[in-house]
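Commentary on secondary and tertiary structure
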Amino acid sequence: MVRKQHVEHSIDAEAEAFDRQAKERMAMGLVPDIRKLRIVEGLYNNPWREPEFFNLQILPRIQFILDAVSVRKGKVLEVGCSLGFLSLELARHGIDVLGIDVSPKSVQVASSVARKSPRTEGFGALTYKVANFVTAKLGQSQWDSVVFMGTLHHFNHVGAVIE
């Protein structure tokens, strides 16, 4: 029981830290939509501060994920969706996505950005949810792909998470 309490506490602390980070980044003017990239000078040492850095560092990862999930088709679970930019882009490519994160503020921002994004023909289903991947009941068999973009290092037991 002590172990479980420790894990829950660390998840709560991590959620609070990500909430603070989301608030700070939004206050600096970040728009978490790769189609609306702009300079965000306050983001020191972060690819989001300059569109060219984002295009060099993050865009190739997004394209790799898009290619992989497009081949598999079906439903995608993005674990640790943060402010939702990847889930949004996947949905824009006709993919049905559930983005989860432990940060309520991040999910709030992601949902808000998604609501403001135009729904063109072929836009996939997109939902964001505050959830802890380790404890949430998400239905293993309903996902054709599970995406962890920059999130696996947040888990204590990576092997168990991947399994």
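Residues numbered from 1 in each chain as written. Predicted model: local features only at pLDDT ≥ 70, side-chain atom pairs only at ≥ 80, totals over all residues. Heavy atoms only, no water.

Turning our eyes to something else, we now look at the pattern of salt bridges. Counted according to the given criterion, the structure contains three salt bridges. Two residues, aspartate 33 and arginine 92, come together in a salt bridge whose shortest N-O distance is 2.7 Å. Within this pair, whereas aspartate 33 is found in the loop between α1 (2-27) and α2 (51-57), its partner arginine 92 is found in helix α4 (residues 85-92), the two being separated by 59 residues in sequence. Assessed through its relative accessible area of 15%, arginine 92 is described here as buried. A salt bridge links glutamate 89 to arginine 35; the nearest nitrogen and oxygen atoms lie 2.7 Å apart. Of this pair, glutamate 89 sits in helix α4 while arginine 35 is found in the loop between α1 and α2, placing the two residues 54 residues apart along the sequence. For arginine 35, a relative accessible area of 51% translates into the label exposed. Beyond isolated ion pairs, a larger network of salt bridges with shared partners links Asp33, Arg35, Glu89 and Arg92. (Salt bridge = Lys/Arg side-chain N within 4 Å of Asp/Glu carboxyl O. Helix = DSSP H or I, 4+ residues; strand = E, 2+ residues; numbered from the N terminus. Buried < 20%, exposed > 50% of the residue type's maximum accessible area, 1.4 Å probe, protein only.)

Attention shifts here to helix α5 (residues 104-116). It helps to recall that an α-helix has 3.6 residues per turn; residues three or four apart then point in one direction. Between the first and last C-alpha of α5 there are 19 Å, a value that for 13 residues agrees with the 18 Å anticipated at 1.5 Å per step. Among the residues making up α5, those that are buried are Ser106, Val107, Val109, Ala110, Ser111, Val113 and Ala114. (Expected span 1.5 Å × (residues − 1).)

This part is about the sheet that holds strand β2 (residues 96-101). Taken together, four strands build an open sheet; the order of strands is β3-β2-β1-β4 and the sheet is parallel. A single partner strand is all that each edge strand has here, and the edge strands are β3 (126-130) and β4 (145-148). Averaged over neighbouring strand pairs, the angle between their axes works out to 20° when direction is ignored. Where α5 meets the sheet, it contacts β2 and β3, and its direction lies at approximately 165° from that of β3. (Pairing = 2+ DSSP bridges. Axes fitted to C-alpha atoms, helices over the stretch in contact; angles between N-to-C directions. Contact = heavy atoms within 4.5 Å.)

Counting residues in hydrophobic clusters, the biggest one holds 32 residues, and the most contacted among them are Ile62, Phe85, Leu86, Leu90, Leu126, Tyr128 and Met149. Dropping the residues within four chain positions of it, isoleucine 62 is found in contact with Ile34, Phe54, Phe85, Leu86, Glu89 and Met149. (Core = buried A, V, L, I, M, F, W, Y, C linked by side-chain atoms within 4.5 Å.)

Along any regular strand the residues' side chains alternate between the sheet's two faces. Burial of the side chains of β4 is restricted to one face: Ser145 and Val147 are buried, whereas none of Val146 and Phe148 on the reverse face is. Sheet analysis places strand β1 (residues 75-79) next to β4, joined by four bridges and oriented parallel. Bridged to glutamate 78 within β4 is valine 147.

A few words on α4. Among the eight residues that make up α4, eight are buried, leaving the element largely enclosed by the rest of the structure. Of the residues making up α4, those classed as buried are Phe85, Leu86, Ser87, Leu88, Glu89, Leu90, Ala91 and Arg92. At the exit of α4 stands glycine 94, carrying a positive phi of roughly 85°.

Our next topic: the side chain of serine 87. Topologically, serine 87 is positioned in helix α4. Looking at serine 87, the relative accessible area reads 0%, which means it is buried. A distance of 2.5 Å separates a polar atom in the side chain of serine 87 from a polar atom in the side chain of glutamate 78. Ignoring any residue separated from it by four or fewer positions in sequence, one finds serine 87 in contact with Glu78, Cys81, Val97, Gly99, Leu126 and Tyr128. (Polar contact = N/O pair within 3.5 Å; in protein donor to acceptor, adjacent residues only side chain to side chain.)

Between helix α3 (residues 59-72) and α4, whose axes approach to 11 Å, the crossing angle comes to 45°. Taken together, the axes of α3 and α4 are oblique relative to one another. In this structure, α3 meets α4 at a crossing whose hand is right-handed. Where α3 abuts α4, its residues Ile62, Ile65, Leu66 and Val69 lie against Phe85, Leu86, Glu89 and Leu90. (Parallel < 35°, antiparallel > 145°, perpendicular 65-115°, else oblique. Left-handed = near helix turned anticlockwise from the far one by under 90°.)

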